[in-house]
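Observations on chain architecture
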Amino acid sequence: MYYKIENGKFTGFYESKDKTGSYTEISIEDWQSILDKQSQGEVIFYNSKSKKLETIKLGRFEELDGTVVSTNIELLKQSILSELSELKTEFATKAFIFNEKYLQKNRDVDKANLTSIVVMLNTTKQTVFKNWKFKDLNGSDVYADLSIVDMLTMANIMQTQTTNTLIAESKLIKKLETLSVEELKLFDARKEFETIVGA
């Protein structure tokens, strides 16, 4: 069994040598040992100092260039940005407690319904909407009558919640630009998001 080195980098194992390239013989035991480590998530590389194949366990977003381990900062940032986007959606649509006894989700459909109902009530000169569907604090469906003031209060809570999540995402995106690689690796998007939105 042989391994091939091109430009100082390990390129693979071979049963025989072809006409080009630098091949080094490796025992079946050493080959199997390296493959076992590779199957456990380690990366094979050629150490030009020791002139041997070695393996290394890379962390998340780490890459190996020859014998140098580095962090792929762009992938790390993209991962954090993706998580911030998911957190924005999660916190923007999160249910809130209304009138100390109802749970109300903050979904786009609920906002649209509130707007339509307030317009309809104003147009027909009514002051109460009957049977708005909520969840009680135990998660069961309940229906309640709401005044226009109640509905405007709910709409304000929904808008504030949505605005706060957009602000949190923007602040954290700006903060990412100021962080070192080590700080990015330790960045806890959920904790940072919760701190800003007060969750």
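Anyway, here's the lowdown on the structure attached to this text. This is a predicted model, so every value here is computed, not measured.

Next up on the list: the overall build of the chain. When helices and strands are counted, the chain shows six helices and 11 strands. Against the 2.2 N^0.38 benchmark of 16 Å for 199 residues, the chain shows a C-alpha radius of gyration of 29 Å, more extended than a compact globule. Counting only residues that meet the buried cut, the chain has 27% of its 199 residues in that class. By sequence separation, contacts in the chain at least 24 residues apart represent 44% of the contacts at least 6 residues apart. Carbon together with sulfur atoms contributes 50% to the accessible area of the chain, which is approximately 12,900 Å² in total. Charge separation in the chain, taken as the distance between the mean sites of 27 positive and 30 negative side-chain charges, equals 4 Å.

This paragraph deals with the side chain of Asn47. Structurally, Asn47 can be placed in strand S4 (residues 42-47). For Asn47, a relative accessible area of 16% gives the class buried. If sequence neighbours within four positions are ignored, Asn47 has contacts with Lys52, Glu54 and Thr67.

Our focus in this paragraph is the nonpolar core. In this structure, Phe98, Leu114, Trp132, Phe134, Leu146, Met151 and Met154 are the most contacted members of the largest nonpolar core, which totals 15 residues. For this core, the secondary structure elements donating two or more residues are strand S8 (96-98), helix H3 (108-123), strand S10 (128-136), strand S11 (141-147) and helix H4 (148-176). Apart from the residues lying within four places of it in its own chain, the contact partners of Met151 are Leu114, Ile117, Val118, Leu121, Phe129, Trp132 and Leu146. Leu76, Leu87, Leu172 and Phe193 belong to the second-largest nonpolar core, a separate cluster that totals 14 residues.

As a further point, take the sheet that holds S10. Strand order in this open sheet of four strands is S8-S9-S10-S11, and the pairing throughout is antiparallel. Each edge of the sheet is formed by a strand with only one pairing partner; in this case those strands are S8 and S11. Within the sheet, the average angular offset between the axes of one strand and its neighbour, ignoring direction, is 55 degrees. Pairing between S10 and S11: six bridges, direction antiparallel. Counterpart to Phe129 in the pairing with S11 is Leu146. Its contacts with the sheet put H3 on strand S9 (102-104) and S10, and the angle it makes with S10 is roughly 160 degrees. Packing of H4 onto the sheet brings it into contact with S8, S9, S10 and S11, and relative to S11 it is tilted by some 110 degrees.

Basis of the calculations
Residues numbered from 1 in each chain as written. Predicted model: local features only at pLDDT ≥ 70, side-chain atom pairs only at ≥ 80, totals over all residues. Heavy atoms only, no water. Helix = DSSP H or I, 4+ residues; strand = E, 2+ residues; numbered from the N terminus. Rg over C-alpha atoms; globule rule 2.2 N^0.38 Å. Buried < 20%, exposed > 50% of the residue type's maximum accessible area, 1.4 Å probe, protein only. Contact = heavy atoms within 4.5 Å. Areas by Shrake-Rupley, 256 points an atom, 1.4 Å probe, with all protein chains shown as cover. Lys, Arg positive; Asp, Glu negative; His and termini not counted. Charge placed at Lys NZ, Arg CZ, Asp CG, Glu CD. Core = buried A, V, L, I, M, F, W, Y, C linked by side-chain atoms within 4.5 Å. Pairing = 2+ DSSP bridges. Axes fitted to C-alpha atoms, helices over the stretch in contact; angles between N-to-C directions.

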